[in-house]
Amino acid sequence: QVQLVESGGGLVQPGGSLRLSCVASGRTFSTYAIGWFRQAPGKEREFVATISWTRSTYYADSMKGRFTISRDNAKNTVYLQMNSLKPEDTAVYYCAAHNRGTYYHRSSYDNWGQGTQVTVSS
């Protein structure tokens, strides 16, 4: 089992950047793929990016080129660097551990964190 805690959210102007962190507890962190999802008010939770235990990365099309996912296994942490932020990126961002199936759907993930709010507004 792995427990995940997100941080790094906040208020940023359009075009700005934020780096989110997902810190894990548990000895088996390095064997998990970890994903980031987001949920805006009134919308479904959607896939953002995932990094496998071999550091292969997968992105939603709308995030490619703007977001970068990385991991530091020595720190039990996965990062999401978000650049060129837009108002439509406003959402609660969650990380979760991948346990089965496709990387691109939330049903494949467990051990969700509590989320961190990202607000993009001038």
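Look above for the structure.
Residues numbered from 1 in each chain as written. Predicted model: local features only at pLDDT ≥ 70, side-chain atom pairs only at ≥ 80, totals over all residues. Heavy atoms only, no water.

### Considering the packing of aromatic side chains
To describe a pair of aromatic rings, one takes the distance between the centres and the angle between the planes. Within this structure, the stated rule accounts for eight aromatic pairs. Consider the rings of Phe47 and Tyr104, whose centres lie 4.9 Å apart with planes at 65°: the pair is edge-to-face. Of this pair, Phe47 sits in strand β5 (residues 46–51) while Tyr104 sits in the loop between β9 (91–98) and β10 (109–110); the two residues are 57 residues apart in sequence, bridging distant segments of the chain. Overall, the relative accessible area of 8% leaves Phe47 in the buried class. (Phe/Tyr/Trp six-rings, centres within 6.5 Å; stacked < 30°, edge-to-face > 60°. Helix = DSSP H or I, 4+ residues; strand = E, 2+ residues; numbered from the N terminus. Buried < 20%, exposed > 50% of the residue type's maximum accessible area, 1.4 Å probe, protein only.)

### Focus on the pairing of β9
Of all eight residues in β9, seven are buried, a share of seventy percent or more. Pairing of strand β4 (residues 34–39) with β9, which is carried by six bridges, proceeds in the antiparallel orientation. Within β9, the position partnered with Gln39 by the bridge is Val92. (Pairing = 2+ DSSP bridges.)

### Concerning the nonpolar core
One finds Ile34, Trp36, Leu80, Met82 and Tyr93 to be the most contacted residues of the largest nonpolar core, which totals 34 residues. Mapped onto this core, the elements with two or more residues apiece are β3 (18–25), β4, β5, β7 (67–72), β8 (77–82), β9 and β11 (116–120). Residue contributions to this core peak at five residues, all from β9. Beyond its immediate stretch of four places on either side in the chain, Met82 contacts Gly16, Ser17, Leu18, Leu20, Arg66, Phe67, Tyr93 and Val118. (Core = buried A, V, L, I, M, F, W, Y, C linked by side-chain atoms within 4.5 Å. Contact = heavy atoms within 4.5 Å.)

### Description of the side chain of His98
The topology assignment puts His98 in strand β9. Within the structure, His98 has its side chain in polar contact with the backbone oxygen of Arg100 (distance 2.9 Å). In this structure His98 touches Tyr32, Ala33, Tyr103, Ser108 and Tyr109, once residues within four positions along its chain are discounted. (Polar contact = N/O pair within 3.5 Å; in protein donor to acceptor, adjacent residues only side chain to side chain.)

### A word on the sheet that holds β3
Paired through their backbone hydrogen bonds, the strands of a sheet run either parallel or antiparallel. Ordered by their spatial adjacency, four strands build an open sheet running β1-β3-β8-β7, and the pairing between neighbours is antiparallel. Edge positions in the open sheet fall to β1 (3–7) and β7, since each of these has one partner strand only. Taken pair by pair, the neighbouring strands of this sheet meet at an average axis angle of 20°, ignoring direction. (Axes fitted to C-alpha atoms, helices over the stretch in contact; angles between N-to-C directions.)

The analysis is restricted to geometry; functional conclusions fall outside its scope.
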